[in-house]
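Below are the chains, spelled out letter by letter.
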Amino acid sequence: MRYFISDLHFYHESLLTKMDKRGFSSCEEMNEYIIKQWNAKVGQQDEVVILGDVSMERGKKTGEILARLNGKLSLILGNHDTYLKDRHFDSSIFEWIRPYAELRDNKRKIVLSHYPVFCYHGQYRRNEKGEPNTYMLYGHVHDTQDERLVDRFIQETERTYHKPPSGGEALPIPCQMINCFCMFSDYTPLSLEEWIETDKKRREKMRRE
């Protein structure tokens, strides 16, 4: 099974009371909770792609905490992944490290970036049933004003019709952008199917408020 998650921010003390307001009494409490949630879901043979911003600590402590996580880990580079430059960090703990990736998942294309990509590669692709066939998974913006701006873009795009070059009727432009921010899944890595459902419910609630 392949899972995704973003912006864990291990050891990021200010996020406990500012911006995210994660509500833990300490980084140690937060770290242990994330590890518990992660290992309750992920098996040793599962793959987890982290969409950036793993840890605010230096190499040694970051390596120690990653070693406690189940699964085969891969990383999309985030702006806070500076521990990678620390000579005490063993980057072989990751299966691969990339600034951007495109993968296949159950006959669907997934575009992976730490930052939201509004006009992503393959956005207009549909399957044989005419359903959108490409998903853009991102992180970085957490649950901030920027995420509200992303949602406004998604809604505007979905209201815009496009006629395929091959002909046929005009259809709404697909915009399958999913924010894999760890707090949206209670710090649990999720599969693409699970993120699709989680994102749908979250955006419906957000738009009602």
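Sequence order as written defines the numbering, with residues in each chain counted from 1. Per-residue local features are limited, in this predicted model, to residues with pLDDT of at least 70; the limit for side-chain atom pairs, both in listing and counting, is 80 or more; totals at the level of whole chains, interfaces and linings are taken over all residues. As a rule here, side-chain values come from all non-hydrogen atoms in the structure, and water together with hydrogens is ignored.

Caption draft 1: Representation of helix H3 (residues 145-158) in the model. Compared with an ideal rise of 1.5 Å per residue, which puts 14 residues at 20 Å, H3 spans 20 Å between its outermost C-alpha atoms and is within 8% of the ideal. Per-residue accessibility, obtained with a 1.4 Å probe over protein chains only, is compared with the maximum for each type, and a residue is labelled buried under 20%, exposed over 50%, and partly exposed between these values. Numbering of helices and strands runs from the N terminus, with a helix taken as a DSSP run of H or I at least four residues long and a strand as a DSSP run of E at least two residues long. Of the positions making up H3, those classed as buried are Glu147, Val150, Asp151, Ile154 and Thr157. Considered in projection along H3, the buried side chains sweep an arc of 125° and stay on one side of the axis. Summarising the geometry of H3, the exposed residues directed more than 90 degrees from the buried face are Gln145 and Arg152. Working rule for helices: expected span equals 1.5 Å times residues minus one. Summarising the geometry, the arc corresponds to the directions from the helix axis toward the C-beta atoms.

Caption draft 2: Quick peek at the environment of Ser25. Along the chain, Ser25 falls in the loop between strand S1 (2-5) and helix H1 (27-41). When the C-alpha positions of Ser25 and Thr144 are compared, they lie 22 Å apart, and in sequence the two are 119 residues distant. We define a polar contact as two N or O atoms separated by no more than 3.5 Å, with the added condition that, inside protein, one atom must be a possible hydrogen donor and the other a possible acceptor, whereas residues neighbouring each other in sequence contribute only through side-chain atom pairs. A distance of 2.4 Å separates a polar atom in the side chain of Ser25 from a polar atom in the side chain of Glu29.

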